[in-house]
Amino acid sequence: MELLTDPAAWAGLLTLVVLEIVLGIDNLIFIAILAEKLPPHQRDRARVIGLSLALVMRLGLLSVVSWLVTLTQPLFALGPLSFSGRDLILLLGGLFLLFKATSELHERLEGVEHRASANPAYAGFGLVVAQIVVLDAVFSLDAVITAVGMVNDLPVMMAAVVISIGVMLLAAKPLTRFVNAHPTVVVLCLSFLLMIGLTLVAEGFGFHLPKGYLYAAIGFSIGIEMLNQLARRNQARQQALRPLRERTAESVLRLLGGGRRLQAMDSQPDAQAALADAPAFAPEERRMVSGVLSLAERSVRSIMTPRADVSWVDLEEAPDAVRERLLGSPHSLLPVCRGSLDAVVGVGRATELLAVLVAQGRIAQEGDHLRTPIHLPESAGVTHAIDVLRQAKGQLVLVNDEYGTLTGLLTPFDVLEAIAGEFPDEDESAEIEALPDGGWRVAGTADIHQVQRLLETDGLVSEDDSHTSVAGYVLAQLGRMPAVGEAVLHDGWQLQVVAVDGKRILTVQIHPAPAGGEPAVPVQA
């Protein structure tokens, strides 16, 4: 009863409980790391047994305080160094802790624990408990000696040990769960154990290291790791705000490998190292995968054949002119119009139209040779357009703007080109041509998505679909029709206009940007 009414005893109890918990953190960390090696159903039992053994050891040591004091008496000496029983225990425990923490750290840095297996190999329960017992003996000795040095009353010491072990039992499972969920925390804890092992070895040799320095370093490291975890959580929260499709596409492309690494291979002195670092997928494969992943985000306007490139049949032309147009067209399906593209009367197959023209001398506005045209708005998504094309059974689809004006047409071939790149017709030249100096000559009508994938960059494609071609991008950047020779810069590339016809950009050359970061020809205001 005297102890219960003594304020000094309560103050000593509170202080000792705090110190015992602090001194037991390293023990708790080690138990958490070892328990991870057991099957899930045995981990809780290992934690409870480990801490229960620590409680038994500490209470047992407190009950033989008189024997504990004798452990500080020198047993033998080596030169200027003398060793007591306590020194030997600390020395052996420190060496064991250094060995165990180093081996665990090596496994994690080498990625051994991350190897997938249908039947993962776990450590034996007895082996893990034996390791916990060894470390419990070392940590208990340190904690009990601290208790003996601070408090004179044995009941107060035992109460402090019981309370501290109870707190650690409650904290063991949450701590283990947190450590297992954060790999960087595991590495940090193992680093703490290395520091503690080194401290124990130093004390075993008689060099006293103030614990305040050790715990200050641990506390500072924990504070930095907390900021790191907070930054990661905020970053994950920001990433979660982005569409899942966009994040998935980026992840897949990142797994396929980046093109900038391939460009950097020429500058690497070790060719073998460069080849080893090269992605497993060729640039063409990455571009096709990128084309597939971005297809659902594109509109029909971005992949259609524009109105200026549409081949069509005018019923108001002379029969001979219509015949020449049909014979010279490389396309099998053509819009049939009266006077202009805005007056479409149907869609016909070139061979059938030519047969009707030969047989009747003209192409009638009605008949089985004309199919009812299918229309789509230019703002429609490509995935919806694919469904329409599938139901059209090979027929082309006419694309109109919001005012009903025909702006282009769409075929399955246009969808294929959006994925795999351009396939020029017999009467066309390639829109993207490689130059001997490593650059590209690009037609103004070239698909900006294809060019962005070719350069393996970002930012060329308009987020609001305001432009769909290279010419549209240059016009958007300059805000006016450029003169021949003018250029714009983007992400280390220079896009230089080399041909215009007064109202549209015909050709652009793309090269790495010159040194200094300025266009080859200054852009006029």
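Up top you'll find the structure we're talking about.
The structure reproduced in this document is the subject of the present report.

Conventions adopted
Residues numbered from 1 in each chain as written. Predicted model: local features only at pLDDT ≥ 70, side-chain atom pairs only at ≥ 80, totals over all residues. Heavy atoms only, no water. Helix = DSSP H or I, 4+ residues; strand = E, 2+ residues; numbered from the N terminus. Buried < 20%, exposed > 50% of the residue type's maximum accessible area, 1.4 Å probe, protein only. Contact = heavy atoms within 4.5 Å. Polar contact = N/O pair within 3.5 Å; in protein donor to acceptor, adjacent residues only side chain to side chain. Pairing = 2+ DSSP bridges. Salt bridge = Lys/Arg side-chain N within 4 Å of Asp/Glu carboxyl O. Arc of directions from axis to C-beta. Phe/Tyr/Trp six-rings, centres within 6.5 Å; stacked < 30°, edge-to-face > 60°.

Quick word on the environment of Arg338
Here is step 1 of the chain: Take Arg338: it is sitting in the loop between β5 (333-337) and β6 (344-349).
Here is step 2 of the chain: The partly exposed category is assigned to Arg338, whose relative accessible area is 33%.
Here is step 3 of the chain: A C-alpha to C-alpha distance of 6.0 Å links Arg338 and Glu316, two positions 22 residues apart in sequence.
Here is step 4 of the chain: The residues contacting Arg338, other than those within four sequence positions of it, are Asp314, Leu315, Glu316, Ala343, Val345 and Gln365.

Some remarks on helix α18 (residues 448-455)
Here is step 1 of the chain: Counting buried positions over the 8 residues of α18 gives 8, a clear majority of the element.
Here is step 2 of the chain: Along α18, the residues that are buried comprise Ile448, His449, Gln450, Val451, Gln452, Arg453, Leu454 and Leu455.
Here is step 3 of the chain: The opening residue of α18 is Asp447, an N-cap whose side-chain oxygen sits 3.0 Å from the backbone nitrogen of His449.
Here is step 4 of the chain: Note on α18: the residue one or two positions beyond its end, Glu456, has a positive phi of about 50°.

Some words on the sheet that holds β5
Here is step 1 of the chain: Strand order across the open sheet formed by 4 strands is β4-β5-β6-β7, with mixed pairing between neighbours. The sheet is open, and its two borders are formed by β4 (313-314) and β7 (370-371), each paired with just one other strand.
Here is step 2 of the chain: Here β4 pairs with β5 via 2 bridges, running parallel. Bridging across to β5, Asp314 finds its partner in Cys337.

Overview of the pattern of salt bridges
Here is step 1 of the chain: In this structure the tally under the stated criterion is 9 salt bridges.
Here is step 2 of the chain: Glu324 serves as the salt-bridge partner of Arg323, at 3.6 Å between the closest nitrogen and oxygen.
Here is step 3 of the chain: Owing to a relative accessible area of 37%, Arg323 belongs among the partly exposed residues under this scheme.
Here is step 4 of the chain: Of the charged contacts in the structure, one is a salt bridge between Glu486 and Arg480, with a shortest N-O distance of 2.7 Å.
Here is step 5 of the chain: Residue classification places Glu486 among the buried positions, given a relative accessible area of 4%.

Section: unusual backbone geometry
Here is step 1 of the chain: The backbone phi angle of Glu456 is positive, close to 50°, even though this residue is not glycine.
Here is step 2 of the chain: By the element assignment, Glu456 lies in the loop between α18 and α19 (470-478).
Here is step 3 of the chain: A relative accessible area of 23% places Glu456 in the partly exposed class.
Here is step 4 of the chain: Of note in the backbone geometry, Asp491 takes a positive phi value of approximately 50° without being a glycine.
Here is step 5 of the chain: As for its position among the elements, Asp491 is in the loop between β13 (487-490) and β14 (493-500).

Digging into helix α15 (residues 350-360)
Here is step 1 of the chain: Ala350, Leu353, Val356 and Leu357 are the residues of α15 that are buried. The buried side chains of α15 occupy one side of the element, clustering within an arc of 130° when seen end-on. Pointing more than 90 degrees away from the buried face of α15 are the exposed residues Thr351, Val358 and Ala359.
Here is step 2 of the chain: Close packing links the buried residues of α15 with β4, α14 (319-328), β5, β6 and β7.
Here is step 3 of the chain: Gly361, located one to two residues past α15, shows a positive phi value of around 85°.

A short note on the packing of aromatic side chains
Here is step 1 of the chain: Here the structure, examined in full by the defined rule, presents 4 aromatic pairs.
Here is step 2 of the chain: Centre to centre, the rings of Phe83 and Phe205 are 5.9 Å apart; their planes meet at 75°, and the pair counts as edge-to-face. With Phe83 in strand β2 (residues 81-84) and Phe205 in the loop between α7 (183-204) and α8 (211-241), this pair connects stretches of sequence that are 122 residues apart.
Here is step 3 of the chain: Of the residues examined, Phe83 reaches a relative accessible area of 5% and is grouped as buried.
Here is step 4 of the chain: Aromatic ring contacts, followed pair by pair, group Phe76, Phe83 and Phe205 into a single cluster.

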